[in-house]
Amino acid sequence: MQTLINGYDISRCMLCPRACGADRTRTEGFCGGGSEIRAARSALHHWEEPCISGTRGSGTIFFSGCSLRCCFCQNASISTGRFGASLSISQLAECMLHLQEQGAHNINLVTGSHYTPWIIEAIHSIRDKLHIPLVWNSSGYESSETLSQLDGMVDIYLPDFKYLHKETSKGYAQAEDYPEIAKAALREMLRQAGTPVFNADGILQKGLIVRHLVLPGHRHESMALLDTLSELLPKEAFLLSLMGQYTPPEMRLPYKNLNRRLTTMEYRSVLRHAQELGFDGFSQDLSSAQSQYTPNFNLEGIPNDTDNNQ
Ligand code: SF4
């Protein structure tokens, strides 16, 4: 079994802040990642922020597994479940080129941190053929050292900043260190991507968009998180995307507040606070459909000559 992927030894994986040390040639780590890339969908997606989706869609590749694994995950079937199919590095590169041929405004890699060395190798192999921006779409739970490997390769960072309080991240994602890790990751992402650059059609070419999903019962934490964000990064240097599409999972959670939707009052109070702080960016309309943001994970666009394991 190959132990080096793009020079990285996967027999003792320390790619993400979990630093679980799994021998991925033999087993899967906390994230669910093994020795091969797994992905659940490679297709045009029209429900990202307008400057990412544009008119033709974002070329989105959803990877299976996740190093954060929040208990209420909106993509649970692929993040904590095992849905997905194996992809070789060359097949991943082909997926990217196919999305470009389909007219995608960008290549949008969703939750790929635990496959960073594989992804870097795929991008290197098509460097001369890929002419659209590369988007790194993540939970924000990223090792700054691993992120540094993406310097000069990723054009747009699209991270979440999910939790401000360690008690919350410990309870919902077994990640007490999330707030400090995410703050360091956001600083590194801004260092790499710089201030937003748009093309003539208003499509983002470079920059950082920080997403925050307001959780039911956590509006005060969300407002304090926005205060922290406004002190952490210069407001004019990035865009904020405030989200309110929280959908309770089908299986009831041991947290009463997470088994209901966000109220209009909760969302509006956080939105008003973001406006008072003077952030530039986007906010979701609470009345818009909830399900459209979560695509149908059906292996669309994933080469079918591989050994699917669903
Ligand atoms: S990427 Fe996965 S295997 Fe590697 S340290 Fe993180 S959880 Fe463990």
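Definitions and limits used
Residues numbered from 1 in each chain as written. Predicted model: local features only at pLDDT ≥ 70, side-chain atom pairs only at ≥ 80, totals over all residues. Heavy atoms only, no water. Helix = DSSP H or I, 4+ residues; strand = E, 2+ residues; numbered from the N terminus. Rg over C-alpha atoms; globule rule 2.2 N^0.38 Å. Buried < 20%, exposed > 50% of the residue type's maximum accessible area, 1.4 Å probe, protein only. Contact = heavy atoms within 4.5 Å. Near = heavy atom within 4 Å. Nonpolar A, V, L, I, M, F, W, Y, C, P; charged D, E, K, R; others polar. Expected span 1.5 Å × (residues − 1). Phe/Tyr/Trp six-rings, centres within 6.5 Å; stacked < 30°, edge-to-face > 60°. Lys NZ or Arg CZ within 6 Å of the ring centre and 35° of its normal. Axes fitted to C-alpha atoms, helices over the stretch in contact; angles between N-to-C directions. Parallel < 35°, antiparallel > 145°, perpendicular 65-115°, else oblique. Left-handed = near helix turned anticlockwise from the far one by under 90°. Core = buried A, V, L, I, M, F, W, Y, C linked by side-chain atoms within 4.5 Å. pLDDT = per-residue confidence, 0-100.

### Details of the overall build of the protein chain
Across its full length, the protein chain carries 9 helices and 12 strands. The globule rule puts the C-alpha radius of gyration for 310 residues at 19 Å, and the 18 Å found for the protein chain is close to it. When each of the 310 residues of the protein chain is scored for burial, the buried share is 56%. Long-range contacts, defined as pairs at least 24 residues apart, comprise 71% of the intrachain contacts of the protein chain with a sequence gap of at least 6.

### So, the site of the ligand
Around the ligand lies a shell formed by Cys13, Met14, Leu15, Cys16, Arg18, Ala19, Cys20, Arg24, Gly29, Phe30, Cys31 and His114. The residue inventory of the shell around the ligand, partitioned by class, reads 8 nonpolar, 2 polar and 2 charged.

### A look at helix 8 (residues 219–232)
The terminal C-alpha atoms of helix 8, which comprises 14 residues, lie 20 Å apart, in line with the 20 Å expected from a rise of 1.5 Å per residue. Here helix 8 has its buried residues at Glu221, Ser222, Met223, Leu225, Leu226, Thr228, Leu229, Ser230 and Leu232. Its buried side turned inward, helix 8 meets helix 6 (166–173), helix 7 (178–193), strand 10 (204–213), strand 11 (239–243) and helix 9 (264–277).

### Side note on the packing of aromatic side chains
Under the definition given, this model contains 9 aromatic pairs. Centre to centre, the rings of phenylalanine 63 and tyrosine 115 are 5.9 Å apart; their planes meet at 45°, and the pair counts as tilted. On the criterion of sequence distance, the pair formed by phenylalanine 63 in strand 4 (residues 58–63) and tyrosine 115 in the loop between strand 6 (107–110) and helix 4 (116–125) is long-range, its members being 52 residues apart. Here phenylalanine 63 and tyrosine 115 have matching classes, each one buried. Ring centres 5.3 Å apart and planes at 80° place the aromatic pair tyrosine 163 and tyrosine 178 in the edge-to-face group. Of this pair, tyrosine 163 sits in the loop between strand 8 (156–159) and helix 6 while tyrosine 178 sits in helix 7, and the two are 15 residues apart along the sequence. Note on accessibility: tyrosine 163 and tyrosine 178 belong to one class, buried. Among the aromatic side chains, those forming a connected cluster through ring pairs are Phe72, Tyr141, Tyr163, Tyr172, Tyr178, Tyr246 and Tyr255. Geometry around phenylalanine 30 places arginine 69 over its ring, the cationic atom sitting 5.4 Å from the centre.

### Some details on unusual backbone geometry
Here the phi dihedral of arginine 69 falls at roughly 60°; this positive angle occurs in a residue that is not glycine. Of the residues examined, arginine 69 reaches a relative accessible area of 29% and is grouped as partly exposed. One non-glycine residue, leucine 299, adopts positive backbone phi at about 70°. With respect to the helices and strands, leucine 299 occurs in the segment after strand 12 (281–283). By relative accessible area, leucine 299 is classed as buried at 12%.

### A short note on the packing of helix 7 against helix 8
For the pair helix 7 and helix 8, interaxial distance at closest approach is 11 Å and the crossing angle is 40°. With respect to helix 8, the element helix 7 is oriented oblique. For the pair helix 7 and helix 8, the sense of crossing is right-handed. Facing Lys183, Leu186 and Arg187 of helix 7, the residues of helix 8 in contact are Thr228, Leu229 and Leu232.

### Quick notes on the nonpolar core
Ranked by internal contacts, the top residues of the largest apolar core, which has 88 residues, are Phe72, Met96 and Leu109. Setting aside residues no more than four positions away along its own chain, leucine 109 makes contact with Ile61, Phe63, Met96, Ile119, Ile123, Leu134, Val135, Trp136 and Asn137. Among the nonpolar cores identified, the runner-up in size contains 8 residues, and Cys51, Ile52, Ile156 and Leu239 belong to it.

### Side note on the environment of glutamate 142
Structurally, glutamate 142 can be placed in the loop between strand 7 (134–138) and helix 5 (144–148). According to the relative accessible area criterion, glutamate 142 is buried, its value standing at 3%. Linking glutamate 142 and glutamate 300, residues 158 residues apart in sequence, is a C-alpha distance of 27 Å. Apart from residues no more than four positions distant in its own chain, glutamate 142 is found in contact with Pro17, Ser113, Trp136, Leu147, Ile181, Ala185 and Met189.

### Structural notes on the confidence of the model for the protein chain
With 95% of its residues at a pLDDT of 70 or more, the protein chain has an overall mean of 93. Ignoring residues within four places in sequence, the model shows residues 306–310, a span with pLDDT below 50, making 12 contacts including any to other chains.

### Some thoughts on the packing of helix 3 (residues 89–101) against helix 4
Running from amino to carboxyl end, helix 3 crosses helix 4 at an angle of 60°, the nearest separation of the two axes being 8 Å. Between helix 3 and helix 4, the crossing angle belongs to the class labelled oblique. Crossing geometry of helix 3 relative to helix 4 is assigned as right-handed. Taken together, the residues of helix 4 that come into contact with helix 3 (itself represented by Ile89, Leu92, Ala93 and Met96) are Trp118, Ile119, Glu121, Ala122, Ile123 and Ser125. Taken together, the residues that form the contact of helix 3 with helix 4 break down as 8 nonpolar, 1 polar and 1 charged.

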